[in-house]
Amino acid sequence: MATDRPVDVGSGSRVVVTYAAWSSDTGKIDASAYVAGVVEDGGTCTVTATSAAATRSASSAASADATTTVCADLVVPWSAADGSPSVVVGYQSATTSAQSDLTTVEVDR
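Quick summary incoming for the structure in this document. In this text, all values refer to a predicted model and were calculated from it rather than measured experimentally. (Residues numbered from 1 in each chain as written. Predicted model: local features only at pLDDT ≥ 70, side-chain atom pairs only at ≥ 80, totals over all residues. Heavy atoms only, no water.)

1. Here we look at the overall build of the chain
No. 1: Each helix and strand in the chain was counted, giving zero helices and 10 strands.
No. 2: The order of α-helices and β-strands along the chain, N terminus first, is β-β-β-β-β-β-β-β-β-β.
No. 3: For the chain, the proportion of its 109 residues judged to be buried stands at 35%.
No. 4: At a minimum sequence separation of 6, the contacts of the chain that also span at least 24 residues come to 58%.
No. 5: Summed over its atoms, the accessible surface of the chain is roughly 6,000 Å², and 49% of this surface lies on carbon and sulfur atoms. (Helix = DSSP H or I, 4+ residues; strand = E, 2+ residues; numbered from the N terminus. Buried < 20%, exposed > 50% of the residue type's maximum accessible area, 1.4 Å probe, protein only. Contact = heavy atoms within 4.5 Å. Areas by Shrake-Rupley, 256 points an atom, 1.4 Å probe, with all protein chains shown as cover.)

What follows is the structure, encoded as structure tokens:
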């Protein structure tokens, strides 16, 4: 049984947002990201969208690929009335904790 605490990969963001966009057709923000320097299954990715009017989050299981850990299928319901949010993607596993820089998602009103 592992008793080590998760390693915070700290400054120099290790989660890289590869896509974050709002769709007026679906009323949702779709996001994806990867965790650089970490290749593992079993972690959880969480996207959090925040504006002056609202904060919403969604999570999905991460999956390993050849060189990174992938965060996909991150979908947050978002109304145009909530404005353009800042989005951050976090990653948490038994061994790693990391977070992306803020990304602004443009929402047409």
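Okay, back to it.
2. Structural notes on the environment of C45
No. 1: Within the fold, C45 resides in strand β4 (residues 44-50).
No. 2: Here C45 falls in the buried class, since its relative accessible area comes to 0%.
No. 3: For the pair formed by C45 and V89, sequence separation is 44 residues and the distance between their alpha carbons is 6.8 Å.

3. A few points about the state of the cysteines
No. 1: Applying the stated criterion across every chain, the model contains one disulfide.
No. 2: The side chain of C45 participates in a disulfide bridge whose partner is C71; the two sulfur atoms lie 2.0 Å from each other. Between C45 and C71 the sulfur-sulfur dihedral comes to about -65 degrees; the bridge is accordingly left-handed. A residue pair is termed long-range when its members are at least 10 positions apart, and C45 in strand β4 and C71 in strand β7 (residues 68-77) qualify at 26 residues. (Disulfide = S-S within 2.5 Å.)

4. Points about the side chain of T68
No. 1: Residue placement: T68 occurs in strand β7.
No. 2: Dropping the residues within four chain positions of it, T68 is found in contact with Y34, V35, A36, V38, V39 and S63.

5. A closer look at the pattern of salt bridges
No. 1: Under the criterion given, the structure shown has one salt bridge.
No. 2: For R56, the salt bridge goes to D82, with nearest N and O atoms at 2.6 Å. Here R56, found in strand β5 (residues 55-61), pairs with D82, found in the loop between β7 and β8 (86-92); they are 26 residues apart in sequence, far enough to count as distant.
No. 3: Residue R56 is classed as partly exposed on the basis of its relative accessible area of 30%.
No. 4: Here D82 falls in the buried class, since its relative accessible area comes to 11%. (Salt bridge = Lys/Arg side-chain N within 4 Å of Asp/Glu carboxyl O.)

What is shown is where atoms sit, not what they do.
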